[in-house]
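Residue-level structure breakdown
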Amino acid sequence: MRFLTHHSYFSLPYILYSPINTNSLLTASPQPTTSCLPLIITMAKHLALGFSLCFLVLFHGCLASRQQSQFSQQNECQLNQIQAREPDNRIECEAGRIESWDYNQDDFQCAGVAVQRITIESNGLHLPSYTNTPRLVYVVQGRGHVGMVLPGCPETFEESEQSDEEQQGQQQQWQGQRGRQQQGRRQGQFGKQGQQGQQESFEQLDRHQRVRRVKEGDVIAVPAGVTCWTHNHGNQPLVFVSLFDMSNERNQLDQNPRKFYLAGNPQDEFNQQGEQGRGQQGRTRSQQQGNNNNNIFAGFDTQLLADALNIDQQTAQRLQGQNDNRPQIVRVQGRFDFVEPPRSQREERQMQGQQMQGQQGQYEQNGMEELFCHMQMKQNIGKPKMADVYSPQAGRISTLNSFSMPILRLLRLSAERGFFYNNAIYSPHWNLNAHEVYYVIRGSARVQVVNDNGETILDDQVRQGQLFIVPQNHAVLQKAMSNGYEYIAFKTDDNAMMNTMAGRTSVLRALPDVVLANAYQMDREQARNLKYNRQETVALSSSRSSRSQRSWWALDA
């Protein structure tokens, strides 16, 4: 095979560029001559053989490259140690901070992910940006608004003209200020659009895509390349944790997380050149180095950008962030108003009572049937009523996958929210088809992770604000401490599955007792006790004595 590949590499150019008298073929008699046919057939065979061997070489080259990439990624999962980590990098902004974990660590490289924790202060705005990877975001604390710009989807939130009576009523209420928005809706900005050759100006009603309210416990799905912005309208900081799935097929760039900002002068959020360590996390990178990053508008020529958007150069310079040193999170100046529906049914009924008969909310009746534009982008899994597993003695677990939130099928991601009482145990288990990234929301727990060699690669007490990764098929055991244990786990498959090692649905329960007896050198009675000592499924209460277990079984029988 090596000889054929070598031969085809050198013979193909010779076949393509060997001197052949084609003029004699073109100027020959119209009657076909038998002397030319063998030459044509031979040349066609050589060409076909040459192209076939060439494609064979290219195919083997691509296959070898892919296998080498897969082999390299598999080697990155040969982990001897895993740590519970705190953020390595921190950026202080005008109205918040951005913290990130070093994704170059072996456990992050194995999972193919990067993680951020973003804190937005009250009335802070995280500027619009998009990423090269799908993201799954969990709201740890606070309330706010999240806007996503889905390409090709209509602006279904829009203002409407008011009647003269409504305008007069608002003029009296606001002391002569002219109102132009329906009651129960927020007032947008007036825009004046001037065009060359057109002298008169006009008022343009605002319209935009849907803005979503988010609160603690919400999981937000953000597809790759979708622009997203966030505003904190509450009184406490808005904190959320974001997972970047760099190994996702939607990422056609390299294995590095990238954020493309549409405004401001952002700093590199995943820079690893600065000083690291828990004791030095408070230092901001703006103190360590200059800010050399810009938003994507800054790379265009100012005049070309002004022509493309039909604006003046001064406005174009504002888009490019010239003379604007603010990083990613800025403080809002003045009122932050936009179009949004009523917060409650009562407000909606009041608004409908003041509208003309038959008029309905335009954000709902838009006539658009595109599935992507109306996909559910967030869901709350923090509330107790959302629990999929519940034990009064141990706690609860809520899961979110592509069956309950179809957009996750596109992202190939899922999430799990756990709330364990003191000393409760999360059944030891392994994930069949996904890596797990755990972020501790509150409390602490004793965590152990075991690899395929039976070696403990993580044995530590994790606490609030820390993060740890459990690679696919690695066994993990977690026990809540006296202050309880709450976490959010991101999983790198939209329908992640796990196999438990204790409890009613465990692998031990499914094996025949004779198999257990011979595998662990015990009698069959001991094997049955091993199988049936736990009647819970995933959330396990503190262990009982064997005597109390036997008494419980006797009562149950």
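Predicted, not measured: the structure shown is a model, and the values here were computed from it. (Residues numbered from 1 in each chain as written. Predicted model: local features only at pLDDT ≥ 70, side-chain atom pairs only at ≥ 80, totals over all residues. Heavy atoms only, no water.)

Notes on the pattern of salt bridges
If the charged atoms of two oppositely charged side chains come close together, the side chains can form a pair. Taken as a whole and judged by the stated rule, the model has 21 salt bridges. Here Arg331 and Glu121 are joined by a salt bridge, their closest N and O atoms 2.7 Å apart. One end of the pair, Arg331, is in strand E14 (residues 329-331); the other, Glu121, is in the loop between strand E3 (113-120) and strand E4 (124-131), and 210 residues separate them in sequence. Salt-bridge contacts for Arg446 lead to Asp459; the nearest nitrogen and oxygen are separated by 2.7 Å. Linking Arg446 in strand E20 (residues 436-450) with Asp459 in strand E21 (residues 456-463), this pair joins segments that are 13 residues apart in sequence. Judged by its relative accessible area of 41%, Arg446 falls in the partly exposed class. Residue classification places Asp459 among the partly exposed residues on the basis of a relative accessible area of 43%. Because the salt bridges share partners, they merge into one network encompassing Glu216, Arg417, Arg442 and Glu486. (Salt bridge = Lys/Arg side-chain N within 4 Å of Asp/Glu carboxyl O. Helix = DSSP H or I, 4+ residues; strand = E, 2+ residues; numbered from the N terminus. Buried < 20%, exposed > 50% of the residue type's maximum accessible area, 1.4 Å probe, protein only.)

Digging into the packing of aromatic side chains
Ring pairs (aromatic) are described by centroid distance and by the angle formed between their planes. Scanning the model with the defined rule gives eleven aromatic pairs in all. Ring geometry for Tyr485 and Tyr487: centres 5.4 Å apart, planes at 35 degrees, overall tilted. Judged by its relative accessible area of 0%, Tyr487 falls in the buried class. Here the aromatic cluster, defined as three or more aromatic residues joined through ring pairs, consists of Phe420, Tyr426, Tyr438, Phe468, Tyr485 and Tyr487. Above the ring of Phe419, the side-chain terminus of Arg396 is found at 4.5 Å from the ring centroid. (Phe/Tyr/Trp six-rings, centres within 6.5 Å; stacked < 30°, edge-to-face > 60°. Lys NZ or Arg CZ within 6 Å of the ring centre and 35° of its normal.)

A word on unusual backbone geometry
A positive phi is found at Asn123, a non-glycine position, where the angle reads about 65 degrees. By the element assignment, Asn123 lies in the loop between E3 and E4. On the basis of relative accessibility, which here comes to 27%, the residue Asn123 falls in the partly exposed class. Non-glycine residue Asn473 carries a positive phi angle of around 70 degrees. Of note, Asn473 is situated in the loop between strand E22 (467-470) and strand E23 (475-491).

Digging into the side chain of Ser427
In this fold, Ser427 is placed in strand E19 (residues 425-431). Assessed through its relative accessible area of 0%, Ser427 is described here as buried.

Some words on the pairing of strand E1 (residues 89-93)
The two faces of E1 differ: Asn89, Ile91 and Cys93 on one face are buried, but Arg90 and Glu92 on the other face are not. Both E1 and strand E2 (residues 96-100) contribute to a ladder of five bridges, which runs antiparallel. Considered in E2, the bridge of Asn89 is made with Ser100. The hairpin formed by E1 and E2 contains two residues between the paired strands. (Pairing = 2+ DSSP bridges.)

Points about the environment of Val538
Structurally, Val538 is set in the loop between helix H13 (524-532) and strand E25 (539-540). Separated by 36 residues in sequence, Val538 and Ala502 place their C-alpha atoms 7.8 Å apart. Once residues lying within four places of it in the same chain are set aside, the contact partners of Val538 are Val389, Ile397, Ile425, Tyr426, Ser427, Met498 and Thr500. (Contact = heavy atoms within 4.5 Å.)

Thoughts on helix H12 (residues 513-520)
Of all the residues in H12, the buried ones are Asp513, Leu516 and Ala517. Looking straight down H12, one finds that the buried residues subtend no more than 100 degrees of arc, so they occupy a single side. Along H12, exposed side chains directed more than 90 degrees from the buried face belong to Asn518 and Ala519. Elements that come into contact with the buried residues of H12 comprise helix H11 (507-510) and H13. Downstream of H12 by one or two residues, Gln521 has phi in the positive range, about 55 degrees. (Arc of directions from axis to C-beta.)

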